[in-house]
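Secondary and tertiary structure notes
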Amino acid sequence: MKKFLSITMLCALFSVICLGAARAVCPVCTVAIGAGLTCLEIWGVDLVLAGIWAGAMTLVMVFWTAKWLNKRGVKNGLWYLLSIIAWYGFLACVYLLPGFRFGGLGNTLWGIDKLLLGVVIGTVVLYVAERWNAKLRRENGGKSRFPFQRVLIPFGALTLVTAAFAAVVYC
């Protein structure tokens, strides 16, 4: 319970600090997802599944920061790289939490740490889904082909990958 409270408070504090600067679409949802990942671990959900969504959430934060930088006229690629390093560095701080096991017996899948594998998979899947969504919109004159396309494509891709990894882990 102590670990749950510390992670939740850390996520909440960081989100409140960034709230004014990022002008994120839904900062409350971001905090809820961060707290939800901790609950998933407590409830026994495998770390690779939580990592998929944590990686996707972190990439969303990178996208939000890039949008914020674009609004302020920043076009230098170094700032975007710094943003990526900062957000994924923040996610890497999970490994510094007391009681967290990096690798070790029962915490690897295919020889890779489960959370790290999930973060990489979630990041790649969300990036590919966003690119596919942008391509579909571009081909259709900047408009969606179906209602809620911008939400359904990334969410559907992440859900399918999560289901596939759940089958690998639990079956």
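Above this note sits the structure.
Quick notes on the rules
- Residues numbered from 1 in each chain as written.
- Predicted model: local features only at pLDDT ≥ 70, side-chain atom pairs only at ≥ 80, totals over all residues.
- Heavy atoms only, no water.
- Helix = DSSP H or I, 4+ residues; strand = E, 2+ residues; numbered from the N terminus.
- Buried < 20%, exposed > 50% of the residue type's maximum accessible area, 1.4 Å probe, protein only.
- Contact = heavy atoms within 4.5 Å.
- Areas by Shrake-Rupley, 256 points an atom, 1.4 Å probe, with all protein chains shown as cover.
- Expected span 1.5 Å × (residues − 1).
- Patch = residues over 30% accessible without salt bridge, like charges linked within 9 Å, V, L, I, M, F, W, Y side chains within 5 Å.
- Salt bridge = Lys/Arg side-chain N within 4 Å of Asp/Glu carboxyl O.
- Core = buried A, V, L, I, M, F, W, Y, C linked by side-chain atoms within 4.5 Å.
- Polar contact = N/O pair within 3.5 Å; in protein donor to acceptor, adjacent residues only side chain to side chain.

Here the focus is the overall build of the protein. Each helix and strand counted, the protein has six helices and two strands in total. For the protein, the N- to C-terminal ordering of α and β elements is α-α-α-α-β-β-α-α. Across the 171 residues in the protein, those meeting the buried criterion constitute 35%. Restricting the contact set of the protein to residue pairs at least 6 apart, pairs at least 24 apart contribute 66%. If you sum the accessible surface of the protein, you get close to 10,500 Å²; carbon and sulfur atoms cover 74% of it.

Across its 26 residues, helix α5 (residues 114-139) extends 37 Å between first and last C-alpha, which sits within 8% of the 38 Å expected from 1.5 Å per residue. Listed as buried for α5 are K114, L115, L117, G118, V119, G122, T123, V125, L126, A129, N133 and L136. Those residues of α5 that are buried are in contact with α3 (47-71), α4 (77-92), β1 (108-109), β2 (112-113) and α6 (149-170). Downstream of α5 by one or two residues, G141 has phi in the positive range, about 70°.

With that out of the way, let us pick up a nonpolar patch on the surface. A grouping of F63, I112, L116, V120, V124, Y127 and V128 is seen on the molecular surface, where their side chains present a nonpolar patch of about 580 Å² in accessible area. Its place among the elements puts Y127 in helix α5.

For the rest of this paragraph, the subject is the side chain of S83. Along the chain, S83 falls in helix α4. Judged by its relative accessible area of 8%, S83 falls in the buried class. Look past the residues within four positions of S83 in its chain and what remains in contact with it is V62 and T65.

For the rest of this paragraph, the subject is the nonpolar core. With 17 residues, the main nonpolar core has V48, L158 and F165 as its most contacted residues. With sequence-adjacent residues up to four places away left out, F165 is seen in contact with V48, L49, I52, L109, W110, L117 and I121. One finds A54, L91, L115 and V119 within the second-largest nonpolar core, a separate group that totals five residues.

This part takes up the pattern of salt bridges. Summed over the entire model, instances satisfying the criterion amount to one salt bridge. Across the pair E139 and K135 runs a salt bridge whose closest N-O atoms are separated by 2.9 Å. Of the two residues, E139 and K135 are both situated in helix α5; the distance of four residues between them amounts to about one turn of the helix. Residue E139 is classed as partly exposed on the basis of its relative accessible area, which comes to 46%.

Time to look at the side chain of T123. Mapping T123 onto the fold places it in helix α5. Here V119 takes part through its backbone oxygen, which lies 2.8 Å from a polar atom of the side chain of T123. Other than its neighbours up to four places away in sequence, T123 contacts G55, A56, L59 and Y88.

Just distances and angles here, no functional claims.
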